[in-house]
Amino acid sequence: MKEYKTVNVSPEEEETAIRYHETFGWKLEETREVYNESQEIVGVNEKVTLYGDGVVGSFMRGFTGNDGKVERQVQTRTNVTHFLAMRFSRETAMKNYQRLSELQEEFDTTDYINYQRVPRKPIALTVIACIALAIIAVSLLQLAFGETAAVWEIVVCVIVPIAAVLTIVLSWVLYKKKHKKVIELNTAIAQRNEEIQQRIDSILEEAQALAEESNIA
């Protein structure tokens, strides 16, 4: 008894699809190319030609009476559907069928782990805080040279620099902690992905050997 499956792939993926299925004991029965073009209307341009006055936009409609004509230009887009419908079969009574099915299922469900995004350095926040510090520093110099200031201005000159310094220090401390954590995590992910790659290679190697053995038998 045979089992069948049909897959749709792009023409560029044809050879890859054949190699993949043959690795797990499938045989190509038929390939059918599907190609279709269709036109889709995406818009209509209108313009009004006035006799003796040249061309004006369609917003003049209703003001020109019978002195002109409306021209419509339809804009279309060509949609192309192009793929290969490939039909494969596999004999369920062949040798190693059960093991090949198990290997294919494991291969299809095995995937790499995505890496974590490394956090950005808090450069923008640091620049803003430094600008604030510079402004306050100028204000303090002015006070030092005898210029008068209200109490609230003096308070601001003290609070803002302290807040700015604390913001800079805290942002970089948090960045370093998060950056270190992400780097450690990505290192572990890289090691795990290497193990996954080794397992994928092992699956393909075993499946190919079993498929060849089944074909000989």
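A. Region of interest: the nonpolar core. Counting residues in hydrophobic clusters, the biggest one holds 16 residues, and the most contacted among them are Val9, Phe24, Met86 and Leu103. When residues of this core are traced back to their parent elements, those giving at least two are β1 (2-9), α1 (14-23), β4 (68-91), α2 (97-109) and α4 (151-216). With residues near it in sequence (within four places) discarded, phenylalanine 24 still touches Arg90, Leu100, Leu103, Gln104, Phe107, Ile203, Leu204 and Ala207.

B. Structural context of the environment of serine 10. Looking at the element boundaries, serine 10 is found in the loop between β1 and α1. On the basis of relative accessible area, serine 10 is assigned to the partly exposed category, the value being 24%. With 75 residues separating them along the chain, serine 10 and alanine 85 place their C-alpha atoms 8.9 Å apart.

C. Examining the packing of aromatic side chains more closely. Here the structure, examined in full by the defined rule, presents 4 aromatic pairs. A centroid spacing of 5.9 Å and a plane angle of 40° characterise the contact between tyrosine 20 and phenylalanine 107, whose relative ring orientation is tilted. Taken together, the residues span a long stretch of sequence, with tyrosine 20 in helix α1 and phenylalanine 107 in helix α2 at a distance of 87 residues. Summarising the aromatic geometry, the rings of phenylalanine 24 and phenylalanine 107 are spaced 5.7 Å apart at their centres and angled 50° between planes, so their arrangement reads as tilted. With phenylalanine 24 in the loop between α1 and β2 (27-50) and phenylalanine 107 in helix α2, the pair connects residues that are 83 residues apart, well separated along the chain. Exposure remark for phenylalanine 24: the relative accessible area of 0% places this residue in the buried category.

Cut-offs applied
Residues numbered from 1 in each chain as written. Predicted model: local features only at pLDDT ≥ 70, side-chain atom pairs only at ≥ 80, totals over all residues. Heavy atoms only, no water. Core = buried A, V, L, I, M, F, W, Y, C linked by side-chain atoms within 4.5 Å. Buried < 20%, exposed > 50% of the residue type's maximum accessible area, 1.4 Å probe, protein only. Helix = DSSP H or I, 4+ residues; strand = E, 2+ residues; numbered from the N terminus. Contact = heavy atoms within 4.5 Å. Phe/Tyr/Trp six-rings, centres within 6.5 Å; stacked < 30°, edge-to-face > 60°.

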